[in-house]
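The chain contents come next:
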Amino acid sequence: MTKEKRSAPHTYTVELRFIGSKLEPANISRRLSLAASAELGLLESQASTRRREPFWAYNGKGEIGFQSEWTSLDEGLQFLLGCLRARKPEIVALSLEFRSIWWCGHFQASFDGGPTLSANLLKEIGSYGIPLSIDHYFSED
């Protein structure tokens, strides 16, 4: 994390992820007309010493307003949804083929507070039928 971000007690990362043993990242990128922000192909997963399934992830990198870390989870997810809204039918179709999650990293330097999500955001996220996952990480730095 950057020095400015580290001073914030809570920062967040956001991604849409698809995971599956038969997933081919290039195919997901082609279907959504998006470059992955992170991916792991079948051959790479087989060569890994850790058991990992192929995956494809997108965080909006390259889009206007992109931030690698957000001080508001709601704002980060609103940004990501804005990048993906026009692709919703294909995202829903992919979510029926592969495991999928809205993945959020919550990096905290204190135990007070945390994310707040608006009702409108929760409604829109829910309309995709994809679970929301928030992983928490604590750091005293």
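Refer to the structure printed above.
To keep things clear, this report deals only with the structure shown in the data block. Going along each chain's sequence as written, the residues are numbered from 1 onward. Totals for whole chains, interfaces and linings use all residues, but because this is a predicted model, local features are given only for residues with pLDDT of at least 70 and pairs of side-chain atoms are given and counted only at 80 or more. Computation of side-chain values covers all heavy atoms of the structure but excludes hydrogens and water.

### Notes on the overall build of the protein
1) Next: Going along the chain from the N terminus, every DSSP run of H or I of four or more residues is numbered as a helix, and every run of E of two or more is numbered as a strand. Counting its regular elements, the protein contains six helices and five strands.
2) Next: Traced from its N-terminal end to its C-terminal end, the protein shows the element sequence α-β-α-β-α-β-α-α-β-α-β.
3) Next: A simple rule labels every residue: compare its accessible area, found with a 1.4 Å probe on the protein chains alone, to the largest value its type can have, and call it buried under 20%, exposed over 50%, or partly exposed in between. Taken over 141 residues, the protein has a buried fraction of 39%.
4) Next: Contact criterion: two residues are considered in contact whenever any of their non-hydrogen atoms come within 4.5 Å of each other. Put simply, 76% of the contacts in the protein that link residues at least 6 apart link residues at least 24 apart.
5) Next: When the accessible surface of the protein is totalled, it reaches about 8200 Å², and 52% of it is carbon and sulfur. Values of accessible area rely on a 1.4 Å probe in the Shrake-Rupley scheme; residue burial ignores everything except the protein chains shown.

### Brief notes about the packing of aromatic side chains
1) Next: Ring pairs are drawn from Phe, Tyr and Trp, using the six-membered ring of Trp, whenever the two centres fall within 6.5 Å, and their geometry is named by plane angle: stacked under 30 degrees, edge-to-face over 60, tilted for the rest. Tallied over the full model, the rule gives six aromatic pairs.
2) Next: Ring geometry for Phe66 and Phe79: centres 6.4 Å apart, planes at 55 degrees, overall tilted. Note that Phe66 is positioned in the loop between strand S3 (55-58) and helix H4 (73-84) and Phe79 in helix H4, a separation of 13 residues in sequence.
3) Next: Given a relative accessible area of 25%, Phe66 falls into the partly exposed group.
4) Next: Judged by its relative accessible area of 13%, Phe79 falls in the buried class.
5) Next: With a centroid separation of 5.3 Å and an interplanar angle of 40 degrees, the aromatic rings of Trp70 and Phe79 are classed as tilted.
6) Next: Judged by relative accessible area, which is 5%, Trp70 ranks as buried.
7) Next: By the ring-pair criterion, three or more aromatic residues cluster together here, those being Phe18, Trp56 and Tyr58.
8) Next: Taking NZ or CZ as reference, Arg17 lies 4.1 Å from the ring centre of Trp103, over its face.
9) Next: Note that Lys88 overlies the ring of Tyr128, its terminal NZ or CZ placed 4.9 Å from the centroid. To sit over a ring, a charge needs its Lys NZ or Arg CZ within 6 Å of the ring centre and within 35 degrees of the ring normal.

### Concerning the sheet that holds strand S2 (residues 38-40)
1) Next: By definition, two strands form a pair when at least two bridges between them are found by DSSP. Reading across from one edge, S2-S3-S1-S4-S5 is the order of the five strands in this open sheet, with mixed pairing throughout. Two strands lie at the open edges of the sheet, namely S2 and strand S5 (132-138), each paired on one side alone. The mean angle between the axes of side-by-side strands here comes to 25 degrees, regardless of whether they run parallel or antiparallel.
2) Next: Of the strand pairs in this sheet, strand S1 (residues 10-19) and S3 are connected by four bridges, and their pairing is antiparallel. Residue pairing in the sheet places Leu16 in a bridge with Tyr58 of S3.
3) Next: In the packing of helix H2 (residues 25-32) onto the sheet, the strands contacted are S1, S2 and S3, and the crossing angle to S3 comes to about 40 degrees. For helices, the fitted line uses only the C-alpha atoms of the stretch in contact; every axis is such a line through C-alpha atoms, and the angle between N-to-C directions lies from 0 to 180 degrees.

### With respect to the packing of H4 against helix H6 (residues 119-127)
1) Next: At a minimum axis separation of 11 Å, H4 and H6 run at an interaxial angle of 40 degrees. Taken together, H4 and H6 sit at an angle that is classed as oblique. For H4 against H6, the interelement crossing comes out left-handed. Residues Asp74, Leu77, Gln78 and Leu81 of H4 lie in contact with H6, whose contacting residues are Leu121, Glu124 and Ile125.
2) Next: Classification used: nonpolar for Ala, Val, Leu, Ile, Met, Phe, Trp, Tyr, Cys and Pro, charged for Asp, Glu, Lys and Arg, polar for all others including Gly. For the contact of H4 with H6, the residue count by class is four nonpolar, one polar and two charged. The labels follow the angle: roughly parallel below 35 degrees, roughly antiparallel above 145, roughly perpendicular from 65 to 115, and oblique for the rest. Handedness of a crossing follows from how the near helix is turned relative to the far one, being left-handed for an anticlockwise turn of less than a right angle and right-handed for a clockwise one.

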